Amino acid sequence: MSPNTPMERDLRLPESLLGDQPGGGGRASPTLPESEFAEPMNVEQLIQKLHDRRTREQALHNLSKLKDQLPEVALLLWQTCGIMFVLLKEITGVYNLISTPNLTQEVSNRVCDTITLFQCIASHLDTRKPFMRAYLPLYLYPFISTERRDKPHEYLRLSSLGAIGALVKSHPPNRDEVDPEIIHFLLESQILCLCIRCMEVGTILSRTVATFIVERILSTDAGLNYCCNFGDRFYVTTSVLRRMTDKLVEEPSRRLLKLIIKCFIELSMGPSLCRDNEGLRCCIPRSLTYPNIINLLSDDGDGMRGLQQLLKNVQAHVSSTGDLVLVTSWKAELNS
C-alpha cells in the first residue's frame, strides 16, 4: 500500500490519541449536488440539513470537520430537537452489515462521520454525562466487537473507540482523574472486555486507542478492583498485554509500548491478586528487555522511567546479559 493512500494517512497515530478519526476519503457523492453547499453555512444551518435525507451525508461530513474548530458544535447537536434520533438512525442502519463482507467504504465513511459527531458530544464537558446517561455509547459497541479486519470495518472500530476514549479522556484541572460515574458506566457495560479484544485486532492505531481506554480504566480504584479481584479477568488482561508487547518486536510503536507499561504499572499497584501473591510477576513479558524494545524508549525519559518503575514495583531488574531477573524464586518459573 502506498504511504500516500487515505488509509495510510488516516492510520498514522495522531498527537492526541483521540483526534482525527478517519471518515473523509472515498465519500460517495451526496444525493443533491454539492452546489447545495456552495454558500458558506454556519453550524446551525448545517445541523438543520441533517433532517433532510438528500443533504444529510454532506452535512455529516462538513460538521465532522468542524468538531475541533467550534466548541459549540456539541451543544448545538445535543440540544437541537430530533438530531440524536437522526444520528442513531445512521448508526443502527448499518448493523445488518457489520458481520458481513458487504460493508462498503462509502457506507463506512458516512457512519464514521456520524460517530465523529458522537465523539464531539462525548468530549464536551456539558454534554458527555447526558450522552452517557442516555446510554448512547452502547450503540457503538457492535462496531467495537467486530473482529473483521478489512478497511471499512477497521474505520468503524477505530472511530467508535475514539468516541469511547473521549469519555475517559481527562480535562484540566484534573488531568489525571477520570469521572467515577463514567468508569462505573463503562465497567457495567463490559467495555473492558471489548477493548481487550480490540487490543489484538486491527491496526496499531485501533489497538493503541483500545489500550488507552484500558489504561484510563485501570488508573481508577474501581477499574483496578474490577480487573484484579477476579482471576480470569486479571489473567486475560495480563496475557493480552504480554502478547501485545511481544508483537512490538515485529511492529514497533513507542506510544503503544508506553501505554502497555502504564497498564502494567497500574496492575502492579492493584489489590492482593496483583501485589501480594505475585500474580503479576510471572506475567511480565521478557520481551520488555529485548534491545529493540528498549531502543523505542532510548530517547524518551518518561517512557524509560515508567519501565524502571514497573521493574521496581515487581522487584525485578535486567541482568548484564539482558535477561529479566526477578528477586524471588519466580525467576525459575519465568525462565521455564
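Residues numbered from 1 in each chain as written. Predicted model: local features only at pLDDT ≥ 70, side-chain atom pairs only at ≥ 80, totals over all residues. Heavy atoms only, no water.

Enquirer: Help me understand the overall build of the protein chain, please; the structure alone is not making it clear to me.
Expert: Across its full length, the protein chain holds 19 helices and 2 strands. Residue burial in the protein chain is summarised as follows: out of 336 residues, 53% are buried. Residue pairs at least 24 apart in sequence account for 72% of intrachain contacts in the protein chain once pairs closer than 6 positions are excluded. About 15500 Å² of surface is accessible on the protein chain, with carbon and sulfur atoms providing 50% of the total. (Helix = DSSP H or I, 4+ residues; strand = E, 2+ residues; numbered from the N terminus. Buried < 20%, exposed > 50% of the residue type's maximum accessible area, 1.4 Å probe, protein only. Contact = heavy atoms within 4.5 Å. Areas by Shrake-Rupley, 256 points an atom, 1.4 Å probe, with all protein chains shown as cover.)

Enquirer: What is the right way to read the packing of helix α6 (residues 105-123) against helix α9 (residues 151-168) from this model?
Expert: Helix packing geometry: the angle between the two helix axes and the distance between the axes. At their nearest, the axes of α6 and α9 sit 8 Å apart, and the two run at 5° to each other. For the element pair α6 / α9, the angle class is roughly parallel. Touching Gln105, Ser108, Asn109, Val111, Cys112, Ile115, Gln119, Ala122 and Ser123 of α6 are Lys151, Pro152, Tyr155, Leu156, Ser159, Ser160, Gly162, Ala163, Ala166 and Leu167, all from α9. Taken together, the residues that form the contact of α6 with α9 break down as 10 nonpolar, 8 polar and 1 charged. (Axes fitted to C-alpha atoms, helices over the stretch in contact; angles between N-to-C directions. Parallel < 35°, antiparallel > 145°, perpendicular 65-115°, else oblique. Nonpolar A, V, L, I, M, F, W, Y, C, P; charged D, E, K, R; others polar.)

Enquirer: Where do I start with the packing of helix α13 (residues 221-228) against helix α14 (residues 231-247) in this structure?
Expert: As a packed pair, α13 and α14 sit with axes 6 Å apart at the nearest point and diverge in direction by 100°. With respect to α14, the element α13 is oriented roughly perpendicular. Between α13, through Tyr226, Cys227 and Cys228, and α14, the contact on the second element is made entirely by Arg233, Phe234 and Thr237. Here the contact of α13 with α14 is composed, by residue class, of 4 nonpolar, 1 polar and 1 charged.

Enquirer: How should I be thinking about the nonpolar core in this particular structure?
Expert: Within soluble globular proteins, side chains that are nonpolar tend to cluster in buried spots. In terms of nonpolar packing, the biggest core is built from 95 residues, with Leu77, Phe118, Phe143, Leu186, Ile191 and Ile213 touching the most fellow members. Setting aside its immediate chain neighbours within four residues, phenylalanine 143 contacts Ile91, Val94, Tyr95, Ile98, Val111, Ile115, Leu156, Arg157 and Ser160. (Core = buried A, V, L, I, M, F, W, Y, C linked by side-chain atoms within 4.5 Å.)

Enquirer: Which parts of the structure should I look at to understand the packing of aromatic side chains?
Expert: Each pair of aromatic rings is reported with the distance of its centres and the angle of its planes. For the coordinates displayed, the defined rule picks out 4 aromatic pairs. With a centroid separation of 5.9 Å and an interplanar angle of 50°, the aromatic rings of tyrosine 135 and phenylalanine 185 are classed as tilted. With a gap of 50 residues between them, tyrosine 135 in the loop between α7 (128-133) and α8 (141-145) and phenylalanine 185 in helix α10 (residues 180-188) connect regions that are remote in the sequence. Measuring from centroid to centroid gives 4.8 Å for phenylalanine 234 and tyrosine 235, while their planes differ by 75°, and the two rings are edge-to-face. You can call phenylalanine 234 buried: its relative accessible area is 0%. A relative accessible area of 36% means that tyrosine 235 is categorised as partly exposed. The ring of tyrosine 226 carries arginine 233 above its face, with NZ or CZ at 3.8 Å from the centroid. (Phe/Tyr/Trp six-rings, centres within 6.5 Å; stacked < 30°, edge-to-face > 60°. Lys NZ or Arg CZ within 6 Å of the ring centre and 35° of its normal.)

Enquirer: Just to check I follow, could you spell out helix α4 (residues 72-79) for this structure?
Expert: The periodicity of an α-helix, 3.6 residues per turn, causes residues three or four places apart in sequence to face the same way. Every buried residue of α4 is listed here: Val73, Ala74 and Leu77. For α4, the angular spread of the buried residues around the axis is 100°, confining them to a single face. Where α4 is buried, its residues contact α2 (43-49), α3 (56-66), α5 (83-92) and α6. (Arc of directions from axis to C-beta.)

Enquirer: Can you walk me through the side chain of threonine 127 in this structure?
Expert: Its location among the elements puts threonine 127 in the loop between α6 and α7. Residues in contact with threonine 127, not counting those within four places in the same chain, are Ala74, Leu75, Trp78 and Ile121.

Enquirer: What am I meant to see in α3 here?
Expert: By the criterion of burial, α3 is predominantly enclosed, with 9 of the 11 residues buried. Those residues of α3 that fall on the buried side of the exposure criterion are Arg56, Glu57, Gln58, Ala59, Leu60, His61, Leu63, Ser64 and Leu66.

Enquirer: Explain the state of the cysteines to me, please; I cannot follow it from the model alone.
Expert: Evaluated as defined, the whole model comprises 0 disulfides. In this model cysteine 263 remains outside any disulfide bridge; the closest cysteine sulfur is found in cysteine 227, 9.0 Å from its own. (Disulfide = S-S within 2.5 Å.)

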